[in-house]
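# Fold and geometry: a report
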Amino acid sequence: MLGNRGVKVIIAFVGIVLWFFPQAALGEDTEVENRLSYISKIAAVIESSIIKIEGDVRFVKRQAEKTIAEAHLSAKRLDNLEAKIKSIENLLNVIAIEVAKINDSMKNVEKDMGGFFRGSCRNAILCKQKK
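Heads up: these notes are all about the structure in this document. Every chain is numbered on its own, with residues counted from 1 as its sequence reads. Per-residue local features of the predicted model are confined to residues with pLDDT of at least 70, and side-chain atom pairs are confined, for both listing and counting, to 80 or more; whole-chain, interface and lining totals are unaffected and use all residues. Calculation of side-chain values draws on the structure's entire complement of heavy atoms; hydrogens and water are dropped beforehand.

### Examining the overall build of the chain
The condition is simple: Per the convention used, a helix needs a DSSP run of H or I reaching at least four residues, while a strand needs a run of E reaching at least two, with both numbered from the N terminus. The buried label goes to any residue with under 20% of its type's maximum accessible area, the exposed label to any with over 50%, and the partly exposed label to all in between, with areas taken from a 1.4 Å probe on protein chains only. Residue burial considers only the protein chains on display, and all accessible areas are found by Shrake-Rupley using a 1.4 Å probe.
A tally of regular secondary structure across the chain gives three helices and zero strands. Along its sequence from the N terminus, the chain presents helices and strands in the succession α-α-α. Across the 131 residues of the chain, 7% fall into the buried class. Accessible surface computed for the chain: about 11,600 Å², of which carbon and sulfur atoms make up 63%.

### Considerations on the pattern of salt bridges
Put simply, the rule reads: In what follows, salt bridge is the name for a side-chain nitrogen of Lys or Arg lying within 4 Å of a carboxyl oxygen of Asp or Glu.
Summed over all chains, the structure comprises two salt bridges. Note that Lys-52 and Asp-56 form a salt bridge whose closest N and O atoms lie 3.2 Å from each other. In this pair, Lys-52 and Asp-56 both sit in helix H2 (residues 32-117), four residues apart, roughly one turn of the helix. By relative accessible area, Lys-52 is classed as exposed at 54%. Overall, Asp-56 belongs to the partly exposed group, its relative accessible area being 39%. A salt bridge links Glu-98 to Lys-101, with the shortest nitrogen-to-oxygen separation between them at 3.8 Å.

### Let's talk about a nonpolar patch on the surface
What counts is decided by this rule: Without a salt bridge and with relative accessible area above 30%, a residue can belong to a patch; like charges are then joined within 9 Å and nonpolar side chains (Val, Leu, Ile, Met, Phe, Trp, Tyr) within 5 Å.
Taken together, the side chains of Ile-88, Leu-92, Ile-95 and Val-99 present a nonpolar region at the surface, about 360 Å² in accessible area. The topology assignment puts Ile-95 in helix H2.

Right, dumping it as structure tokens:
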């Protein structure tokens, strides 16, 4: 992602140039191992920071992808629920229409049945059985 090897090489090269050339120009005796150790520690710290940053970037990317996927799933669920609600509303309308038809039919049947019971009952035993 950030070119870890290239960054390390550049940092090491800059560190070596900054440590060795001014000191060599002044004629000071330098301890090469100490200087290289210091530079390698700096490179290690930079490398670990880069690894941590890359890990954080991957984590954030995964979280964003997960959130986006959940949002799409939630949207699909809402669409499905809306479709089911519309279907149920349509069924309820059909049922309401059928109930109204049945009520009308029942009123007609009641009117027709009313004519059967209006007459006088001559036989008391049969009238009691009808009731």
